[in-house]
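Architecture at a glance
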Amino acid sequence: MVSIKDIARKAGVSMSTVSYALNGSSKVTEETRAKIIAVAKEMNYVPNAAARSLKKRETRIIGVFLTDFKGDVYGDLLDGMKEVCNTHGYDLIVCSGKQAHRMIPERMIDGAVILDHAFTHAELLEYAERNHKIVVLDRELEHPNINQVLLDNKAGAALAMEYLIEQGHEKIYVVTGPEDSFDSNQRMKAVKMVADRMADVECVEIVGNFKKSGGERAAERVIHEYTAPVAVFCLNDEMAIGFCNRLADTDYLIGEHVHLIGFDNIELTKYMQPRLATIDYSKRKWGALAGEQLIKILKGEVVEHERIYVTLVKGASVGKAPGYSGRS
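Only a predicted model underlies this, so the values are computations on that prediction, with no experimental measurement involved. (Residues numbered from 1 in each chain as written. Predicted model: local features only at pLDDT ≥ 70, side-chain atom pairs only at ≥ 80, totals over all residues. Heavy atoms only, no water.)

**Concerning the nonpolar core**
Among the nonpolar cores identified, the biggest contains 75 residues, and Val 113, Leu 137, Ile 172, Val 232, Phe 233, Phe 243 and Leu 260 are the most heavily contacted of them. Counting residues in each nonpolar core, the second largest holds 16 residues, with Phe 65, Met 103, Ile 104 and Ala 112 among its members. (Core = buried A, V, L, I, M, F, W, Y, C linked by side-chain atoms within 4.5 Å. Buried < 20%, exposed > 50% of the residue type's maximum accessible area, 1.4 Å probe, protein only.)

**Topic: the sheet that holds strand β2 (residues 91-95)**
A sheet is described by the order of its strands in space; here six strands give the open sequence β2-β1-β3-β4-β5-β11, paired in parallel fashion. Either end of the sheet is taken by a strand with one partner, and the two such strands are β2 and β11 (306-308). Between one strand axis and the next, the sheet turns through 20 degrees on average, direction left out of account. Of the pairings in the sheet, the one linking strand β3 (residues 111-115) to strand β4 (residues 133-136) comprises four bridges and is parallel in character. Considered in β4, the bridge of Gly 111 is made with Lys 133. Set on the sheet, helix α5 (residues 73-87) makes contact with β1 (61-66), β2 and β3; between it and β2 the angle comes to about 150 degrees. (Pairing = 2+ DSSP bridges. Helix = DSSP H or I, 4+ residues; strand = E, 2+ residues; numbered from the N terminus. Axes fitted to C-alpha atoms, helices over the stretch in contact; angles between N-to-C directions. Contact = heavy atoms within 4.5 Å.)

**With respect to the environment of Asn 245**
Along the chain, the position of Asn 245 falls in helix α10 (residues 237-247). For Asn 245, a relative accessible area of 40% corresponds to the partly exposed category. Linking Asn 245 and Glu 216, residues 29 residues apart in sequence, is a C-alpha distance of 7.1 Å. With residues up to four places along the chain from it excluded, the contact list for Asn 245 reads Lys 212 and Glu 216.

Okay, structure coming up:
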């Protein structure tokens, strides 16, 4: 690989002069700069990004860490983040897996957005103590170098439960996400709070995984235990889709025998028949806000934690419980 030293030798100047010329410094004349750039092009010189970032203490790259790349939520979220970051002169690198964690302590990126439960709280706090700038989307952590941009999971889950109860449903199956999922755990807290307020509501928890397979397995159990119309709250839409897929092989109908609601309002739910009731929020705004907050932290600005608000999308997948005419 051609180095600055090689260019300096061929151009007959010092290494510092080459550095000034390649970095646009006013310390060299235009004539000298033109000569050095011509030599660099002739030798097919490529700047060493690692060395340059070490000297400038920045890479202009932001790292986004995800648990995996599956699911329809990530696309809009990353698109919103990319648009904001590119506007401010930053590029994104998206990665997953334990080996990628070293990008933070090795300062291969300027800052990190975390949506990956593979990071422990202690690990992120240790990075923050070393002055790494971090935005978390999947946990609550307090540190001057960590900002939270969290989805209002509790409000969304409460809206879903209240909607089912308002339709007169007294037995509600709730299909959870993975045990170590912050979003799932927050949603379940709200589910239990709402259920505890209603003495006549039975809440049955089914362990899921935020994947279609989790919804399919939940449907198997509901089918096996079915005696009368019931309500099902899948804590994400992907499991709700899996649930519908399995129920399609039976005589049970969504909106009649099983009243189903999801969470996320992913694109596919808009085309389901009957239309899936779900909880909506802007994935693009979530990503954009995470990018904005991280860039502010990198600039040394003080920022407050942010929350992404949610709304209920009603659908024909949820109807009134048989014989229900309204609560007194």
